[in-house]
Amino acid sequence: MKGERTWNQHVVKKENKSLVLKTIIQSSPLSRAEIANITGLNKGTVSSLVHDLIEEKFIFESGPGTSSGGRRPVMLLFNETAGYSIGINIGVNYLLGILTDLNGDICLEKQMKMDVQSFPIIKDQLFSMIRELIEAAPKSPYGVVGIGIGVPGTVSKDGKVLLAPNLNWKNIDLQSVLEEKYNIPIIIENEANAGAYGEKKFGAGKESEHLIYVSVGIGIGVGMILNGKLYKGNNGFSGELGHMSINVSGDLCRCGNEGCWELYASEQALIQQAKKLNILPVDDQDVSLESLMELAEKGNKDAIHLFERIGNYLGVGVNNIVNIFNPQEVVIGNRMASTEKWIEASLTKQLAERIQSFQEQGLQIKFSKLSSYAAALGVAAFSSENFLQK
Ligand SMILES: [Zn+2]
């Protein structure tokens, strides 16, 4: 009995400490009295927990704050450089890695182009990127506290990549591979889920409780924030809307279905169309999102038309999304977000022609300013939060 009571006290203390830290992270600078007010804990408990958190270097005291009279209270601040987090977004044609502090501020970033998608090669690129980011982390009490990886595919709850059609990956136990190599907690997450979380925390979606993030890269994935929380479905496979059929008798997709949305509205669709129309004077190698944007900038009508076409198809899919979720905000993210100038008008027009008028109430369509960073920031934040909760 006695052992049980001590255990319960231990659990309660841990929970209270976590609550005090969370409160300071959310609203610092705060005084001890303010923390007691917000959390409902008594002042003695708060003082003792604050003492522990200072010892553990999670928080620190700053100079006195403002007081309504009498002695000015000492303010407490979150020590966001107590540790660092790594977030990596595996695009299909790029790898983006960031090192952030515990607040999500980026200290360093690394980018690599990916020409080959086979797992052994990407694994080596991942290892070398992670090594560089770990080596670059400033000295801190806790060092690198976690590594998060965003993957464009379905990921099981235990961090296995079940299927990533555009990488041609099947049943790859990415979490175990990384855990064997590093003695650091690893989180593997679908990149659209991570992107949705990144937008909610750091980007366009801060004020939204119902946010749908459409990650448009080589494929299309969708992440959902519903009622303020990331929604992942029964097994974590929700949001595979790149594979919703928008053309019943359309082309065969790598997923096995026909007429999938991503065959018409993704970066891959854009590049394939450009190759088909042979609109670049140079050889196929140089057809890329960037080269097509350059052409559009120069007034090339074919390139401009191709972007409009992507906007049209995005509008069709976004209308379906709006009908399913009735969101406050739809954010177009990942690499295609950088083509806003060329796709925004046709997307908006297509949507306006299809949408039911009541769905337009309070609905905003935005383009991500974080672009491909949203997913990397999202997985880095998952890692930091995971660490701070413990
Ligand atoms: Zn498909």
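Note that the structure is a prediction, hence the values are computed from the model and not measured.

Chemist: When you look at the packing of aromatic side chains in this model, what are you seeing that I'm missing?
Modeler: The geometry of an aromatic ring pair is captured by the separation of the ring centres together with the interplanar angle, meaning the angle of the planes. Counted according to the given criterion, the structure contains seven aromatic pairs. Ring centres 6.0 Å apart and planes at 80° place the aromatic pair phenylalanine 127 and tyrosine 182 in the edge-to-face group. Highlighted residues: phenylalanine 127 in helix H4 (residues 119-136) and tyrosine 182 in the loop between helix H5 (174-181) and strand S11 (186-190), separated in sequence by 55 residues. On the numbers, 5.1 Å between centres and 40° between planes, the contact of tyrosine 264 with tyrosine 313 is tilted. Of this pair, tyrosine 264 sits in helix H7 (residues 262-265) while tyrosine 313 sits in helix H10 (residues 301-325), and the two are 49 residues apart along the sequence. Given a relative accessible area of 9%, tyrosine 264 falls into the buried group.

Chemist: How should the coordination of the zinc ion be read in this particular structure?
Modeler: For a metal bound by four donors in tetrahedral geometry, the ideal donor-metal-donor angle is 109.5 degrees, whereas six donors in octahedral geometry ideally sit at 90 or 180 degrees. Listed as protein donors to the zinc ion are His243 (ND1), Cys253 (SG), Cys255 (SG) and Cys260 (SG); their distances from the metal cover 2.0 to 2.3 Å. Between the four donor atoms coordinating the zinc ion, the angles at the centre fall across 101 to 118°, so the site counts as tetrahedral.

Chemist: Got a minute to help me understand the environment of lysine 157 in this structure?
Modeler: In this structure, lysine 157 sits in the loop between strand S8 (154-155) and strand S9 (161-164). With 25 residues separating them in the primary sequence, lysine 157 and tyrosine 182 have C-alpha atoms 20 Å apart. When sequence neighbours within four positions are dropped, the list of residues in contact with lysine 157 reads Asn234 and Asn235. Only 3.0 Å separates the side chain of lysine 157 from the backbone oxygen of asparagine 234, close enough to count as a polar contact.

Chemist: Even after reading the chapter, I still don't get the nonpolar core, so can you show me in this structure?
Modeler: Most often, soluble globular proteins keep nonpolar side chains buried together rather than apart. In this structure, Val214, Val222, Trp261, Leu292, Phe307 and Leu314 are the most contacted members of the largest nonpolar core, which totals 39 residues. Breaking this core down by element, the ones donating at least two residues are strand S12 (211-216), strand S13 (220-226), helix H8 (267-277), helix H9 (289-297), H10, strand S15 (329-333) and helix H11 (340-354). In terms of residue count, the dominant contributor to this core is H10 (eight residues). Beyond its immediate chain neighbours, meaning those up to four positions away, leucine 292 contacts Leu270, Ala274, Ile279, Val287, Ala303 and Phe307.

Chemist: Sorry if this is basic, but what is going on with the pattern of salt bridges here?
Modeler: Where charged atoms from two side chains of opposite charge come close, those side chains can pair. Applying the stated criterion to the full structure yields 15 salt bridges. Here aspartate 158 and lysine 160 are joined by a salt bridge, their closest N and O atoms 3.9 Å apart. Residue arginine 335 is joined to glutamate 290 by a salt bridge in which the shortest nitrogen-to-oxygen separation is 2.9 Å. Placement of the pair is arginine 335 in the loop between S15 and H11 and glutamate 290 in helix H9, with a sequence separation of 45 residues.

Chemist: How do you make sense of the packing of H10 against H11 when you look at a structure like this?
Modeler: When two helices pack together, their arrangement is given by the angle between the helix axes and the distance between those axes. At a minimum axis separation of 7 Å, H10 and H11 run at an interaxial angle of 40°. The hand of the H10/H11 crossing is right-handed. Here Ile304, Phe307, Glu308, Ile310, Gly311, Asn312, Leu314, Gly315, Val316, Val318 and Asn319 of H10 lie close against H11, whose contacting residues are Trp342, Ile343, Ser346, Leu347, Gln350, Leu351 and Arg354. Its residues assigned to classes, the contact of H10 with H11 comprises ten nonpolar, six polar and two charged.

Chemist: Hey, could you run me through the side chain of serine 208 in this one?
Modeler: Within the secondary structure, serine 208 is located in the loop between helix H6 (191-202) and S12. The exposure class assigned to serine 208 is buried, which follows from its relative accessible area of 2%. Filtering out sequence-adjacent residues up to four positions away, serine 208 remains in contact with Lys200, Gln328 and Glu329.

Chemist: Explain H8 to me, please; I cannot follow it from the model alone.
Modeler: Inspection of H8 places Glu267, Ala269, Leu270, Ile271, Gln273 and Ala274 among the buried residues, and these make up the whole buried set. In this fold, the buried residues of H8 make contact with H7, H9 and H10. Capping the start of H8 is the job of one residue whose side-chain oxygen sits 3.3 Å from the backbone nitrogen of glutamine 268: serine 266. Note on H8: the residue one or two positions beyond its end, asparagine 278, has a positive phi of about 55°.

Chemist: Is there a simple way to explain the pairing of strand S6 (residues 106-113) in this structure?
Modeler: The two faces of the sheet receive side chains in turn, since in a regular strand these alternate between them. Bridge count for strand S5 (residues 94-101) against S6 is seven bridges, and the pairing is antiparallel. Bridge pairing in S6 places leucine 99 opposite leucine 108. With antiparallel pairing between neighbouring strands as the criterion, S5 and S6 make up a hairpin whose turn holds four residues, including glycine 104 at a positive phi of roughly 90°.

Chemist: What exactly am I supposed to notice about the pairing of S5 here?
Modeler: Where burial is concerned, most of S5 is hidden: eight out of the eight residues are buried. The alternating pattern of S5 places Tyr94, Leu96, Ile98 and Thr100 on one face and Leu95, Gly97, Leu99 and Asp101 on the opposite face, and all of these are buried. By the bridge criterion, seven bridges tie strand S4 (residues 84-90) to S5 in an arrangement that is antiparallel. In the strand pairing of S5, tyrosine 84 is matched with aspartate 101. Here S4 folds back onto S5, and the loop between the two strands holds three residues.

Cut-offs used in this document
- Residues numbered from 1 in each chain as written.
- Predicted model: local features only at pLDDT ≥ 70, side-chain atom pairs only at ≥ 80, totals over all residues.
- Heavy atoms only, no water.
- Phe/Tyr/Trp six-rings, centres within 6.5 Å; stacked < 30°, edge-to-face > 60°.
- Helix = DSSP H or I, 4+ residues; strand = E, 2+ residues; numbered from the N terminus.
- Buried < 20%, exposed > 50% of the residue type's maximum accessible area, 1.4 Å probe, protein only.
- Donors = N, O, S within 2.8 Å, 3.2 Å for Na, K, Ca; no water.
- Tetrahedral: all angles 85-135°; square planar, octahedral: opposite > 155°, others 65-115°.
- Contact = heavy atoms within 4.5 Å.
- Polar contact = N/O pair within 3.5 Å; in protein donor to acceptor, adjacent residues only side chain to side chain.
- Core = buried A, V, L, I, M, F, W, Y, C linked by side-chain atoms within 4.5 Å.
- Salt bridge = Lys/Arg side-chain N within 4 Å of Asp/Glu carboxyl O.
- Axes fitted to C-alpha atoms, helices over the stretch in contact; angles between N-to-C directions.
- Left-handed = near helix turned anticlockwise from the far one by under 90°.
- Nonpolar A, V, L, I, M, F, W, Y, C, P; charged D, E, K, R; others polar.
- Pairing = 2+ DSSP bridges.

What is shown is where atoms sit, not what they do.
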